[in-house]
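Letter by letter, the chains look like this.
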Amino acid sequence: DRYWIATVQEAAGKAIEWLIDNVVYPEDGMLEDGPRPADALERLNALAESAPPGSNGVLFAPWLNGERSPVANANLRGGFHGLSLATTRCDLVRSVLEGVAHNARWLLEASEAFLGESFGELRGVGGGAVSDLWCQIHADVMNRPIHRIDQPLMATVRGAALFAGLSLGLIGEDDIASSVPVERVFRPDPATRRVYDGMYAEFVRLHKIEAKMYSRLAKLR
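Presented here is a report on the structure given in the accompanying data block. (Residues numbered from 1 in each chain as written. Predicted model: local features only at pLDDT ≥ 70, side-chain atom pairs only at ≥ 80, totals over all residues. Heavy atoms only, no water.)

**Quick notes on the packing of aromatic side chains**
Summed over all chains, the structure comprises six aromatic pairs. Clustering of aromatic rings is evident, with ring pairs tying together W18, F60 and F80. (Phe/Tyr/Trp six-rings, centres within 6.5 Å; stacked < 30°, edge-to-face > 60°.)

Written out as structure tokens, the structure is:
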């Protein structure tokens, strides 16, 4: 007798893979002889940390495969906005991390509007949560504390086990929270509020401004 509220980004982690494979490392010949390097995310973090919050005015739309929510439009496409001759590779990398976070804020606000209340503080799980920088960017963009759980890559396995235990009556709902320890909390930095709120306001306008263009371009593909 309950509902599950789910919102999905078509390209979040996949946007990072695209960045690595097509923008950051190809000219170095890193990907010619095998898979992307194991330390690729750490190397991206190092580049992104060299750019300031807001990526010097570069805004990235992560709709590399269209989008399903909070708007359903398979024709939407990704893009870098605000590029100039002064734009650096560090700006581009950070803007992708920020663009995914802007999309997450968009999904969060739509979900809370549907629910009629705030989710409050959030949990960070999955591969992206391994990055301290990306967790902090999400906290800053979304203006919410992000609680990164211990061993975030194991979230799906842990969740399946907890669901099984709950279904079999081995644990109760009150036992779940204590079974998922928090490793670190990332809190919003007030100093980033002005730039991220401004960038986000432009982000949510993009799909409306460019929707007809995306439809026309889709006919040419």
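Having seen it, we continue.
**With respect to the pattern of salt bridges**
Opposite charge on two side chains allows them to pair when their charged atoms are near. Counted by the stated rule, this structure contains twelve salt bridges. For E109, the salt bridge identified is with R105, shortest N-O distance 3.1 Å. One end of the pair, E109, and the other, R105, are both in helix α3 (residues 89-115), four residues apart, so they sit about a helical turn from each other. By relative accessible area, which is 37% here, E109 ends up partly exposed. Owing to a relative accessible area of 13%, R105 belongs among the buried residues under this scheme. A salt bridge links D132 to R148; its shortest N-O distance comes to 2.7 Å. You can see D132 sitting in helix α4 (residues 132-142) and its partner R148 sitting in strand β4 (residues 146-149), a full 16 residues away along the chain. Its relative accessible area of 35% is what places D132 among the partly exposed residues. (Salt bridge = Lys/Arg side-chain N within 4 Å of Asp/Glu carboxyl O. Helix = DSSP H or I, 4+ residues; strand = E, 2+ residues; numbered from the N terminus. Buried < 20%, exposed > 50% of the residue type's maximum accessible area, 1.4 Å probe, protein only.)

**A few points about unusual backbone geometry**
At the junction of S69 and P70, the peptide bond is cis and its omega measures out at 5° in the coordinates. Within the element layout of this structure, P70 appears in the loop between β1 (59-61) and β2 (79-81). Phi at N143 is positive, roughly 55°, even though this residue is not glycine. Structurally, N143 can be placed in the loop between α4 and β4. Overall, N143 belongs to the partly exposed group, its relative accessible area being 41%. Even without being glycine, Q151 reaches a positive phi, approximately 55°.

**Notes on the packing of helix α1 (residues 13-24) against α3**
At a closest axis distance of 10 Å, the pairing of α1 and α3 adopts a crossing angle of 165°. With respect to α3, the axis of α1 lies roughly antiparallel. Between α1 and α3 lies a crossing of right-handed hand. Residues A15, I16, L19, V23 and V24 of α1 lie in contact with α3, whose contacting residues are R89, L92, V93, V96, L97 and V100. Of the residues belonging to the contact of α1 with α3, the class tally is ten nonpolar, no polar and one charged. (Axes fitted to C-alpha atoms, helices over the stretch in contact; angles between N-to-C directions. Parallel < 35°, antiparallel > 145°, perpendicular 65-115°, else oblique. Left-handed = near helix turned anticlockwise from the far one by under 90°. Contact = heavy atoms within 4.5 Å. Nonpolar A, V, L, I, M, F, W, Y, C, P; charged D, E, K, R; others polar.)

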